[in-house]
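What follows is each chain in one-letter form.
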Amino acid sequence: MPVLADIDLWRGNDAPPRVWQTPDDFPLVGSVVVLTVYVGGDLLLSAASDDGASGLTIDDSGHFIAWKPSLAQSRLCPFGRIARYELERRYLGDQETLAYGCIVGLGGANLDD
């Protein structure tokens, strides 16, 4: 079953990464993980672990998935509990949702220079 896990995201920041732990007996080798974020019915962003620029990575030995959003990605998330996400594993033609919830946009009055 997917895990319900809301995450806080400080808008205009790219650290620290958001981390989802996986069970020790849950192999991630050969998987592609996709993070999809929506506001209402509109796609806000999508990040995939097989795209080095997306900020989404898999660490099979540490049993976790991490997302280090770019400044632009974090700015896309609206203030408050408005955005929702799903984290999905794709492996050998199967698709499995691992986690889902809201992205709570915080702050955002900082400058991105």
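Report follows, based on the coordinates.

Criteria and thresholds
- Residues numbered from 1 in each chain as written.
- Predicted model: local features only at pLDDT ≥ 70, side-chain atom pairs only at ≥ 80, totals over all residues.
- Heavy atoms only, no water.
- Helix = DSSP H or I, 4+ residues; strand = E, 2+ residues; numbered from the N terminus.
- Buried < 20%, exposed > 50% of the residue type's maximum accessible area, 1.4 Å probe, protein only.
- Polar contact = N/O pair within 3.5 Å; in protein donor to acceptor, adjacent residues only side chain to side chain.
- Contact = heavy atoms within 4.5 Å.
- Core = buried A, V, L, I, M, F, W, Y, C linked by side-chain atoms within 4.5 Å.
- Pairing = 2+ DSSP bridges.
- Phe/Tyr/Trp six-rings, centres within 6.5 Å; stacked < 30°, edge-to-face > 60°.
- Lys NZ or Arg CZ within 6 Å of the ring centre and 35° of its normal.
- Axes fitted to C-alpha atoms, helices over the stretch in contact; angles between N-to-C directions.

Brief notes about the environment of Gly40
With respect to the secondary-structure elements, Gly40 resides in the loop between strand E4 (32-39) and strand E5 (42-48). By relative accessible area, Gly40 is classed as partly exposed at 49%. Separated by 39 residues in sequence, Gly40 and Met1 have C-alpha atoms that sit 24 Å apart.

Description of the side chain of Gln73
Looking at the element boundaries, Gln73 is found in helix H1 (residues 71-76). By relative accessible area, which is 12% here, Gln73 ends up buried. At a separation of 3.5 Å, a polar atom in the side chain of Gln73 contacts the side chain of Trp67. Not counting residues within four places of it along the chain, the set of residues in contact with Gln73 comprises Leu45, Ala47, Ser54, Trp67 and Lys68.

Observations concerning the nonpolar core
Counting residues in hydrophobic clusters, the biggest one holds 20 residues, and the most contacted among them are Trp20, Leu35, Trp67, Tyr85, Leu87 and Ile103. Of all elements in the fold, only strand E2 (7-10), E4, E5, strand E7 (64-67), strand E8 (80-91) and strand E9 (94-106) reach the threshold of two or more residues within this core. When neighbours within four sequence positions are excluded, Leu35 is seen to be in contact with Trp20, Leu45, Ser46, Ala47, Leu56, Trp67, Tyr85, Glu86 and Leu87.

Examining the pairing of E2
Side chains Ile7 and Leu9 of E2 all project onto a buried face; the interleaved residues Asp8 and Trp10 project onto a face where none is buried. Sheet topology note: the E2/E9 ladder contains four bridges and is parallel. What sits directly across from Asp8, in E9, is Val104.

Some words on the packing of aromatic side chains
All told, the structure shown has one aromatic pair when counted by the stated rule. Plain terms: the ring middles of Trp20 and Tyr85 are 5.8 Å apart, the flat faces sit at 50° to each other, and that makes the pair tilted. Highlighted residues: Trp20 in strand E3 (residues 18-21) and Tyr85 in strand E8, separated in sequence by 65 residues. The residue whose ring lies beneath Arg89 is Tyr91, and the NZ or CZ to ring-centre distance is 4.6 Å.

Re unusual backbone geometry
Note: most peptide bonds trans; most residues except glycine with negative phi. Geometrically, the link from Ala15 to Pro16 is a cis peptide bond, its omega value of -10° lying close to zero. As for its placement among the helices and strands, Pro16 is situated in the loop between E2 and E3. We note that His63 has phi near 60°; this positive angle belongs to a residue other than glycine. Take His63: it is sitting in the loop between strand E6 (56-59) and E7.

Points about the sheet that holds E7
Sheet architecture is open: three strands sit in the order E3-E7-E6, paired in antiparallel fashion. The outermost strands of the open sheet, each flanked by one partner alone, are E3 and E6. Sheet twist, expressed as the mean angle between neighbouring strand axes with direction ignored, is 20°. Summarising the sheet, E3 and E7 pair through four bridges and their orientation is antiparallel.

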